[in-house]
Amino acid sequence: MDVQVGDILLMKKPHPCGERQFSVGRVGMDFRIRCTGCGREVMVPRAKVERNIKKIFRNGEEVEKNPPKPSQDSSI
């Protein structure tokens, strides 16, 4: 999944404050995400975040969660 620092994630379940959007601060084995409602930062394992993402926004535009992989044409 192509998630980058600065992306906004719309999650399936809301944060306890009621907000469903989180900004990405760090990407790796764990994600550091910040609730856009209350500003709380949490570190969450990558697998858990990727499972709960509904949409990804980058620069105000929606990005595909699983972009198609380029085809490998080996008929040269």
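Cut-off values and rules
- Residue positions within a chain follow its written sequence, with the count starting from 1.
- Confidence filtering applies because this is a predicted model: local features only for residues at pLDDT of at least 70, side-chain atom pairs given and counted only at 80 or more, and all residues used for totals across whole chains, interfaces and linings.
- For the side-chain quantities, the full set of heavy atoms in the structure was used; hydrogens and water were omitted.
- Only protein chains enter the accessibility calculation, which uses a 1.4 Å probe. A residue is then buried if its area is under 20% of the maximum for its type, exposed if over 50%, and partly exposed in between.
- Helix numbering and strand numbering both begin at the N terminus, where a helix is a DSSP run of H or I of at least 4 residues and a strand a DSSP run of E of at least 2.
- Note on pairing: two strands pair once DSSP finds at least 2 bridges between them.
- Where helices are involved, their axes are fitted lines through C-alpha atoms of the stretch in contact, as for all axes, and angles between N-to-C directions lie from 0 to 180°.
- Here, nonpolar core means buried Ala, Val, Leu, Ile, Met, Phe, Trp, Tyr and Cys residues that are tied together by side-chain atoms lying within 4.5 Å of each other.

*Asks:* Provide a residue-level description of the pairing of strand 3 (residues 30-35), including the pertinent values.
*Replies:* Residues Phe-31, Ile-33 and Cys-35 line the buried face of strand 3, whereas the alternating positions Asp-30, Arg-32 and Arg-34 sit on a face that is not buried. In terms of strand pairing, strand 2 (residues 21-26) meets strand 3 through four bridges, oriented antiparallel. Each residue of the ladder has a partner; that of Ser-23, found in strand 3, is Arg-34. Joining the antiparallel neighbours strand 2 and strand 3 is a turn of three residues.

*Asks:* Explain the sheet that holds strand 5 (residues 53-58) residue by residue, including any values.
*Replies:* Taken together, the six strands give an open sheet; going across it, the order is 4-3-2-1-5-6, and neighbouring strands pair in antiparallel fashion. Every other strand in the sheet has two partners, leaving strand 4 (41-45) and strand 6 (61-63) as the edge strands with one partner each. Strand-to-strand twist across the sheet, computed as the mean angle between neighbouring axes with direction ignored, equals 40°. Bridge analysis of strand 3 against strand 4 gives five bridges, and the strand direction is antiparallel.

*Asks:* Tell me about the nonpolar core, residues and numbers included.
*Replies:* Core analysis: the biggest nonpolar cluster contains 12 residues, these being Val-3, Leu-9, Met-11, Phe-22, Val-24, Phe-31, Ile-33, Cys-35, Val-44, Val-49, Ile-53 and Ile-56. Going through the elements one at a time, strand 1 (8-11), strand 2, strand 3 and strand 5 are the ones with two or more residues in this core. Residue contributions to this core peak at three residues, all from strand 3.

Remember, this is a structural readout, not a statement about activity or role.
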